[in-house]
Amino acid sequence: MSGENSSADDVQRVWDVVVVGAGPAGASAAYAAAVAGRRVLLLEKAELPRYKTCGGGIIGPSRDALPPGFELPFQDRVHAVTFSNNGRFTRTRRSKQMLFGLINRPEFDQQLVEHAQKAGAELRTGVTVQRVEQHGSAVPDRRTVAVVLQGGETVLARAVVGADGSASRIGAHVGVKLDQVDLGLEAEIPVPETVAEDWKGRVLIDWGPMPGSYGWVFPKGDTLTVGVISARGQGAATKRYLEDFIARLGLAGFEPAISSGHLTRCRADDSPLSRGRVLVCGDAAGLLEPWTREGISFALRSGRLAGEWAVRIAEAHDAVDARRQALNYAFAIKAGLGVEMSVGKRMLAVFEKRPGLFHAALTGFRPAWRAFRDITQGSTSLGELVRSHPIAQRALAAFDRNQAAPAEEPVSS
């Protein structure tokens, strides 16, 4: 344990790593740093468990990034996907092996936090972080970061991980830049057993009426999670899409238990991932897949990396060494998640123009369905797929050339 640091640390209680935010990214970071034997404090402003607007799909890369021994609290296991293009041309594809699992976020997040605690992290809930300071009177030396809480209390750390979501205060400190913001709307709809039975083991993905939009139905026992997502700035149209979608599914007669909205924010390519001894991960860093806006696997994977590199930053004795470790963290993120994001960005650009092409490929072209299946099961990623499949490379290159081509249908402004 690093409790051997110095007696001065013990007097002031300097934590090795302080993690802000106890979602999947923060809990993963806290777990990774605690497993390395460091003194870790995990701060969360809500009381746990807490609700999050999220489809709750756990794909292969998410499963592979979980702590050892983590039992996924699946509400359902998906073996079939029904695709539709704005309610038309509906077709269902099936897989013998599970494609992905569905969880409720409150339980899932709570379980991740418990794993971090078992590894030795300390949790404080109901705590709002106002700001972090790396210089000034609150900071005793250059190896320390001050985390200032609402109410004036200051917590000291050798390294800080910002995992405080898409409206992140730590992200603002680091200077995170965002270049894609989307609005997700979701309803948790309790349904009778007969309706639930019809959806068991099957999800619906509907390519929506606005460029880049889509909707989903994820079954979770006696509740259906129904949501839509579209570029921010079209709030009324997005709300109308959700209402039409629910009506089309024959679910308008059921009262949602929860209706919620959430902005997802995607980082710009040149956005920083650190500043001094402070790292950001997950939504706070704008890390998510730009096309599907899938964020859980990005949160788990970037959180684990942030926790591992925060340990190295905590051990750094000067600013040069801390910066070297922070740059290594950024390199690790960009080499993996960054590659997937750049492919996802190209996919979104094509999808915005030609949703019908995607629909036709996934429902009628076997290699496209196989690629979808392999990505959700975790045997490949978007980045690996493009790297290793000549067909995918050629298709994306052709798509890129066609970017200037007219859209499939005129979109009214």
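Note that the structure is predicted; figures quoted are calculated from it, not measured.

Enquirer: How would you explain the nonpolar core if you had to name every residue and give the values?
Expert: Counting residues in hydrophobic clusters, the biggest one holds 73 residues, and the most contacted among them are Val-18, Phe-108, Val-147 and Val-160. Ignoring anything within four residues of it in the chain, the contact list for Val-160 reads Val-18, Val-20, Val-132, Val-145, Val-147, Arg-277, Val-278 and Leu-279. In this structure, Phe-100, Trp-291, Phe-358 and Trp-369 belong to the second largest nonpolar core, which totals 30 residues.

Enquirer: Please set out helix H10 (residues 355-364) residue by residue, giving values where relevant.
Expert: Those residues of H10 that sit buried are Pro-355, Gly-356, Phe-358, His-359, Leu-362 and Thr-363. Taken end-on, H10 shows its buried residues confined to a sector of 160°, consistent with a single buried face. Considering only its buried residues, H10 is in contact with strand S5 (80-85), strand S6 (88-94), strand S13 (202-207), helix H9 (319-353) and helix H11 (366-377).

Enquirer: A description of the UniProt feature "domain: FAD-binding" (unreviewed entry) in the chain should follow, citing residues and the corresponding values.
Expert: When the UniProt feature table is mapped to this numbering, "domain: FAD-binding" (unreviewed entry) covers residues 16-297. A helix fraction of 21% and a strand fraction of 37% characterise residues 16-297, whose end C-alpha atoms lie 26 Å from each other.

Enquirer: Would you mind going over the side chain of Thr-82 in detail, with residue names and values included?
Expert: Inspection of the secondary structure puts Thr-82 in strand S5. In this structure the side chain of Thr-82 is engaged in a polar contact, spanning 2.7 Å, whose partner is the side chain of Thr-92. Leave out the neighbours within four places in its chain, and Thr-82 touches Thr-90, Arg-91, Thr-92, Arg-202, Val-203, Leu-204 and Ile-205.

Enquirer: Help me get a handle on the pairing of strand S15 (residues 223-231), residues and values and all.
Expert: S15 sits mainly inside the fold: 8 of its 9 residues count as buried. Sheet topology places strand S12 (residues 178-190) next to S15; 9 bridges connect them, and they run antiparallel. Within S15, the residue paired with Leu-185 across the bridge is Val-228.

Enquirer: Describe the pattern of salt bridges, with residues and values.
Expert: The final tally for this structure, using the stated rule, is 18 salt bridges. Close ionic contact of Arg-50 with Asp-109 constitutes a salt bridge, the shortest N to O distance being 2.8 Å. With Arg-50 in the loop between strand S2 (40-44) and strand S3 (57-58) and Asp-109 in helix H4 (residues 105-118), this residue pair connects regions lying 59 residues apart in the sequence. For the residue pair Arg-50 and Asp-109, the accessibility class agrees, reading buried in each case.

Enquirer: So what's going on with the sheet that holds S3? Residues and values would help.
Expert: One open sheet accounts for 3 strands, arranged S3-S7-S4; its pairing is antiparallel. In this open sheet, the two strands that pair with only one neighbour each are S3 and strand S4 (76-78). Alignment of S3 against strand S7 (residues 100-102), held across 2 bridges, turns out to be antiparallel. Bridge assignment links Gly-57 to a residue of S7, and that residue is Leu-102.

Reading guide: rules and limits
Residues numbered from 1 in each chain as written. Predicted model: local features only at pLDDT ≥ 70, side-chain atom pairs only at ≥ 80, totals over all residues. Heavy atoms only, no water. Core = buried A, V, L, I, M, F, W, Y, C linked by side-chain atoms within 4.5 Å. Buried < 20%, exposed > 50% of the residue type's maximum accessible area, 1.4 Å probe, protein only. Contact = heavy atoms within 4.5 Å. Helix = DSSP H or I, 4+ residues; strand = E, 2+ residues; numbered from the N terminus. Arc of directions from axis to C-beta. UniProt positions renumbered as here; feature names shortened; annotations may be inferred. Polar contact = N/O pair within 3.5 Å; in protein donor to acceptor, adjacent residues only side chain to side chain. Pairing = 2+ DSSP bridges. Salt bridge = Lys/Arg side-chain N within 4 Å of Asp/Glu carboxyl O.

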